[in-house]
Amino acid sequence: MILSLFRKNTATDAVYGVYRSIVAQSRQPVFYAEWGVPDTVTGRFDMISLHMALVFRRLRAQSKDFSQAVFDLFFKDMDRSLREMGAGDLGVPKKIQKMGNLFFGLLAAINDAMDRNDREALIGVISRNIFEGGDRENASRLADYALSQDKVLAGQPVSAITAGTVNFGTAA
């Protein structure tokens, strides 16, 4: 913990800009009010993770340092949030580690399904990770949304994203 005080801060204005865009998109009311994503701490973490995974797909192999800086900021924010909710100092690192494992599992599963252009596999990933294995209808809706966002993000230059501008399409 004390060593993190001496670690170089990699969160530039561009990193903050992308992270703010990810968080703003993940808070769209349609996800919670119409598409059945649980409006809970876990549901919101899942939606931020989904949008981060989509951005990381766009940046993979081209900007690993930038992706790492966004990831670091995300988990710094999660650490702060857990502490604000009253999680004890001893429990926070374990919770953050578990959240990191969940994120990387989601990222790998999404990449695998999308790389194979396998919509059914993507529905399964979303159903398991966001809807706890149920709600196939809303998982299907969210999978279609993810596929469309993947195309929207593919049309954006990596240089624009790493400069701090990422634009998502509408969630409809």
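Refer to the structure printed above.
Per chain, residue numbering runs from 1 following the sequence as it is written. Local features are withheld for residues below a pLDDT of 70 in this predicted model, meaning they are given only at 70 or higher, and side-chain atom pairs are given and counted only at 80 or more; totals for whole chains, interfaces and linings count all residues. Derived side-chain values reflect all non-hydrogen atoms in the structure, with water molecules and hydrogen atoms excluded from consideration.

Q: Help me understand the overall build of the chain in this model?
A: Helical segments are the DSSP runs of H or I of at least four residues, strand segments are the runs of E of at least two, and each set is numbered from the N terminus. Counting its secondary structure elements, the chain contains 8 helices and 0 strands. Going residue by residue from the N terminus, the α and β elements of the chain occur as α-α-α-α-α-α-α-α. Note on classification: 1.4 Å probe, protein chains only; a residue is buried when its accessible area is under 20% of the maximum for its type, exposed when over 50%, partly exposed between these limits. The buried share of the chain, taken over its 172 residues, is 47%. In this analysis, two residues are considered to be in contact whenever any of their non-hydrogen atoms come within 4.5 Å of each other. Partitioning the intrachain contacts of the chain with sequence separation of at least 6 by distance along the chain shows that 63% fall at a separation of at least 24. Method for areas: the Shrake-Rupley scheme with a 1.4 Å probe, in which residue coverage is limited to the protein chains shown. Surface exposure of the chain reaches about 9,300 Å², of which carbon and sulfur atoms provide 54%.

Q: Where do I start with the nonpolar core in this structure?
A: Looking at soluble globular proteins, one finds that nonpolar side chains tend to be buried together. Nine residue types can take part in a nonpolar core, namely buried Ala, Val, Leu, Ile, Met, Phe, Trp, Tyr and Cys, and a core is a set of them joined through side-chain atoms within 4.5 Å. Membership of the largest hydrophobic core comes to 53 residues, with the highest contact counts inside it found for F31, M52, V55 and L142. The leading source of residues in this core is helix α3 (residues 41-59), at 10 residues. Setting aside residues up to four positions removed in sequence, F31 forms contacts with Q25, S26, G36, V37, M47, H51, L142, Y145 and A171.

Q: Would you explain the side chain of S127 in this entry?
A: Following the sequence through the fold, S127 ends up in helix α6 (residues 119-130). Among residues more than four places away in sequence, those in contact with S127 are E132, G133, G134 and A139.

Q: Can you walk me through the environment of M78 in this structure?
A: Summarising the element assignment, M78 is placed in helix α4 (residues 64-84). With relative accessibility at 9%, the residue M78 sits in the buried group. In this structure the C-alpha to C-alpha distance between M78 and K95, which are 17 residues apart in sequence, comes to 9.4 Å.

Q: Hey, could you run me through the pattern of salt bridges in this one?
A: Two side chains with opposite charge may pair up if their charged atoms get near one another. Salt bridges are identified by distance alone: a Lys or Arg side-chain nitrogen within 4 Å of an Asp or Glu carboxyl oxygen. In this structure the tally under the stated criterion is 10 salt bridges. For E120, the salt bridge is made with R136, and the minimal N-O distance between the two is 2.7 Å. Of this pair, E120 sits in helix α6 while R136 sits in helix α7 (residues 136-154), and the two are 16 residues apart along the sequence. Given a relative accessible area of 44%, E120 falls into the partly exposed group. A relative accessible area of 44% places R136 in the partly exposed class. Note that E137 is salt-bridged to R141, the shortest N-O span being 3.6 Å. Of this pair, E137 and R141 both sit in helix α7, 4 residues apart, which is roughly one turn of that helix. Given the relative accessible area of 58%, E137 is considered exposed.

Q: Whenever I open this one, the environment of G133 confuses me. Can you help?
A: The topology assignment puts G133 in the loop between α6 and α7. Classification of G133 as exposed rests on a relative accessible area of 53%.

Q: Even after reading the chapter, I still don't get unusual backbone geometry, so can you show me in this structure?
A: As a rule of thumb, non-glycine residues mostly have phi less than zero, and peptide bonds are mostly trans rather than cis. One non-glycine residue, N117, adopts positive backbone phi at about 55 degrees. Along the chain, N117 turns up in the loop between α5 (92-115) and α6.

Q: Explanation requested: the side chain of D46 in the structure shown.
A: Residue placement: D46 occurs in helix α3. Look at D46 and you get buried, because its relative accessible area is 12%. If sequence neighbours within four positions are ignored, D46 has contacts with N129 and I130.

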